[in-house]
Each structure stands twice: as structure tokens, then as C-alpha cells.
Amino acid sequence: MNNIISIIIPTLNEEASIGQVIDEVPVRALEKSGYRVEILVVDGLSTDHTVKIAQEKGARVLVETRRGKARAIRTALEGDDSKFVFMLDGDYTYSATSIPAMLQALQKYPVVIGSRLKGKREKGALRTVNFIGNHLLTLIANILYGTRISDLCTGFWGFRREVIQNLNLTSDGFQLEAELLIQVAKKGYKIGEVPILYRCRAGKAKLSGLKDGFKIGKFLFDKKFHKGTRS
Ligand SMILES: Nc1nc2c(ncn2[C@@H]2O[C@H](COP(=O)(O)OP(=O)(O)OP(=O)(O)O)[C@@H](O)[C@H]2O)c(=O)[nH]1
Ligand SMILES: [Mg+2]
């Protein structure tokens, strides 16, 4: 098997942060451990300098014209055959410096999430409504799917190859993380957690709020009781 670690970063107009996100990837440390690192930016037709900056920083850029972070991640995963895959956002809220710790966890668990709720959050990074909502959704997910995670809505995940091969994601929007959790749990993969730092967003916020929270909650119930699309 190859020794590639791929790091997938979805972007839509993230010129204020994408450079810093890529710079933070601890490429040397990972290469010292014997891995080859590939940074893949999946861009959703940014109208700013996101693509140019990402290319200048040495990332491979894939353009996904269809809207949505979930769609971008799915496209990236479909073409991926690396040993380990990480995904994190391009707005510099997550720190790629946690990748080595998450990689360590992947030696024990097939899936790892970066937990903002177990880790540190910059003041204002997670609004109260999102903080409470995330706790509630995480609790619901744990009860329905028998998991014991602390942060359902985190955007920082790591996977072993075998897990990626076994995923069959169908969601296009905000339910990406919930769908990931559901499929991982249904397939019996154990999930490790690493406490991470969650920072305030650079660039323009596209805040997700109560409405999305309700939709995610509904999605968790629907998937459990087989309403709507299958998982
Ligand atoms: N390729 C692609 N990426 C997207 C799209 N929408 C959002 N993203 C990226 O997905 C990541 C997460 O989106 P955010 O806008 O930060 O969502 P959020 O974290 O819920 O909201 P904020 O609180 O505003 O940060 C960011 O890196 C975005 O640039 C899209 O339609 N296509
Ligand atoms: Mg964000």
C-alpha cells in the first residue's frame, strides 16, 4: 500500500485564510515519519484569489462546480487512494498542526475526529447557540447510533483507507458530518478523538444556525428510522 497522507480542504472564497491553512500543515514532520503528503484544495468556483494562493503554496487544486462543502468533499474522496485522509476547513478555524496527533490516533482507531468541545475554543469562535446545539445533536447521535463522541459537527476528521472505501455518502449540504458519523457507526468502526483548537474564522462568515441544527437533528432521526434516502 502507498504511504500517502492526503489532506482535503474545501474552499469557497477563502483568500484571507487558505495560505495560512496550508502553511500550517506539518509536511516535514509527516515526511520524516515516512509519509508523502498531498494537499488537495477542492474549490467551489471562488471568485477571489483562493485558487491562485493555494497553487502558489503547492497544493493541488480541484474545481468542483457543484455547490456545497459536502459535494466537494465527496468528489475529493471519490478520487482518493491514499493510506490516510484528513479533511479540514479552509477558513483557518481548525489547525493542521493537530494532524500528527490525529494520525497517531488512527493507528488505534479507523476514524478520528478533532473535538472542539474537548479542546480549546477561541472566545467567540463557537456561538452559544451553536455550542448548545452541537451538544444536543451530539447527544442525539450518540443515543441513536451508539457512539460516544463529543463533537458531532466538527469539520476536522481523519480516516484510514479502508473506511473511505466503505463510505457511500449522498448528502450535498450541511449534513456531511452527520452522515459521516452515521455510516461510520453503522459499519462498526470505532472513533477516536483528539482535543483540538477551534479559532475564530478569518474572512467572511457564512454562519450556520438554528435552522441547520434542526435539519441535522431531523436527518439523524430520519436515517435511523429509514425515512427518506438510505444511508
Ligand atoms: N468547494 C466548496 N467549499 C465550500 C462551499 N461552501 C463552503 N465551503 C468551504 O467549506 C468550509 C466550511 O464552510 P464554512 O463557511 O466555514 O462553514 P461553517 O464553518 O459552518 O460557517 P462559519 O461559522 O461561517 O465558518 C470552508 O472552508 C468553506 O470555504 C462550496 O459550496 N464549495
Ligand atoms: Mg467555518
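Residues numbered from 1 in each chain as written. Chains lettered and ligands numbered in written order. Predicted model: local features only at pLDDT ≥ 70, side-chain atom pairs only at ≥ 80, totals over all residues. Heavy atoms only, no water.

> Please explain the packing of aromatic side chains as it appears in this structure.
Any two aromatic rings considered together are summarised by their centre-to-centre distance and by the angle between their planes. A complete count under the given rule lists 4 aromatic pairs for this structure. Measuring from ring centre to ring centre gives 5.9 Å for tryptophan 157 and phenylalanine 159, while their planes differ by 10°; the resulting arrangement is stacked. By the ring-pair criterion, three or more aromatic residues cluster together here, those being Tyr94, Phe156 and Tyr198. The side chain of arginine 116 reaches across the aromatic face of tyrosine 198, ending 4.7 Å from its centre. Positioned above the aromatic ring of tyrosine 145 is the side chain of lysine 224, whose terminal nitrogen or guanidinium carbon lies 5.7 Å from the ring centre. (Phe/Tyr/Trp six-rings, centres within 6.5 Å; stacked < 30°, edge-to-face > 60°. Lys NZ or Arg CZ within 6 Å of the ring centre and 35° of its normal.)

> Just to check I follow, could you spell out the sheet that holds strand E6 (residues 157-160) for this structure?
Paired through backbone hydrogen bonds, the strands of a sheet run either parallel or antiparallel to each other. Read from one edge of the open sheet, 7 strands run E3-E2-E1-E4-E6-E5-E7, paired in mixed fashion. The open sheet has two edge strands, strand E3 (60-63) and strand E7 (191-198), and neither has a second partner. For this sheet the average axis-to-axis angle between neighbouring strands, irrespective of direction, equals 25°. By the bridge criterion, 4 bridges tie strand E2 (residues 36-43) to E3 in an arrangement that is parallel. (Pairing = 2+ DSSP bridges. Helix = DSSP H or I, 4+ residues; strand = E, 2+ residues; numbered from the N terminus. Axes fitted to C-alpha atoms, helices over the stretch in contact; angles between N-to-C directions.)

> Got a minute to help me understand the pattern of salt bridges in this structure?
Summed over the entire model, instances satisfying the criterion amount to 15 salt bridges. For aspartate 91, the salt bridge identified is with arginine 201, shortest N-O distance 3.4 Å. In this pair, aspartate 91 is assigned in the loop between strand E4 (84-87) and helix H5 (99-108) and arginine 201 in the loop between E7 and helix H9 (210-224), connecting sequence segments 110 residues apart. Close ionic contact of aspartate 222 with lysine 218 constitutes a salt bridge, the shortest N to O distance being 2.7 Å. Taken together, the residues aspartate 222 and lysine 218, both in helix H9 and 4 residues apart, mark about one turn of the helix. Judged by relative accessible area, which is 16%, aspartate 222 ranks as buried. Of the residues examined, lysine 218 reaches a relative accessible area of 54% and is grouped as exposed. Taken together, the shared-partner salt bridges connect Glu14, Asp91 and Arg201 into one network. (Salt bridge = Lys/Arg side-chain N within 4 Å of Asp/Glu carboxyl O. Buried < 20%, exposed > 50% of the residue type's maximum accessible area, 1.4 Å probe, protein only.)

> How should I be thinking about unusual backbone geometry in this particular structure?
Among all residues save glycine, negative phi is the norm, and among peptide bonds the norm is trans. Of note in this structure, asparagine 13 is not a glycine but carries a positive phi near 55°. Tracing the chain through its elements places asparagine 13 in the loop between strand E1 (4-11) and helix H1 (18-23). Unusually for a residue other than glycine, leucine 45 sits at a positive phi of about 65°. Within the secondary structure, leucine 45 is located in the loop between E2 and helix H3 (50-56).

> It is not clear to me how the packing of helix H8 (residues 176-186) against H9 should be interpreted in this structure. Could you clarify?
In the contact formed by H8 and H9, the axes pass within 10 Å of each other and the chain directions differ by 25°. Put simply, H8 runs roughly parallel to H9. Two packed elements cross with a definite hand, and for H8 against H9 that hand is right-handed. Residue-level inspection shows Ala178, Glu179, Ile182 and Lys186 of H8 in contact with H9, the latter providing Ile216, Phe219, Leu220 and Lys223. Classifying every residue of the contact of H8 with H9 by side-chain character gives 5 nonpolar, no polar and 3 charged. (Parallel < 35°, antiparallel > 145°, perpendicular 65-115°, else oblique. Left-handed = near helix turned anticlockwise from the far one by under 90°. Contact = heavy atoms within 4.5 Å. Nonpolar A, V, L, I, M, F, W, Y, C, P; charged D, E, K, R; others polar.)

> What should I look at first to understand the state of the cysteines in this one?
One way to say it: the disulfide is the covalent bond shared by the sulfur atoms of two cysteines. Per the stated rule, a full pass over the model turns up 0 disulfides. Free cysteine: cysteine 153, not disulfide-bonded; nearest cysteine sulfur from cysteine 200 at 18 Å. The class of cysteine 200 is partly exposed, set by a relative accessible area of 32%. (Disulfide = S-S within 2.5 Å.)

> Is there a simple way to think about the environment of tryptophan 157 in this case?
Structurally, tryptophan 157 is set in strand E6. With 71 residues separating them in the primary sequence, tryptophan 157 and phenylalanine 86 have C-alpha atoms 5.6 Å apart. Within the structure, tryptophan 157 has its side chain in polar contact with the backbone oxygen of threonine 154 (distance 2.8 Å). (Polar contact = N/O pair within 3.5 Å; in protein donor to acceptor, adjacent residues only side chain to side chain.)

> Any chance you could explain a nonpolar patch on the surface here in plain terms?
On the surface, Val129, Leu210 and Phe214 cluster together into a nonpolar patch covering about 320 Å² of accessible area. Looking at the secondary structure, you find valine 129 in helix H6 (residues 128-145). For valine 129, a relative accessible area of 33% gives the class partly exposed. (Patch = residues over 30% accessible without salt bridge, like charges linked within 9 Å, V, L, I, M, F, W, Y side chains within 5 Å. Areas by Shrake-Rupley, 256 points an atom, 1.4 Å probe, with all protein chains shown as cover.)

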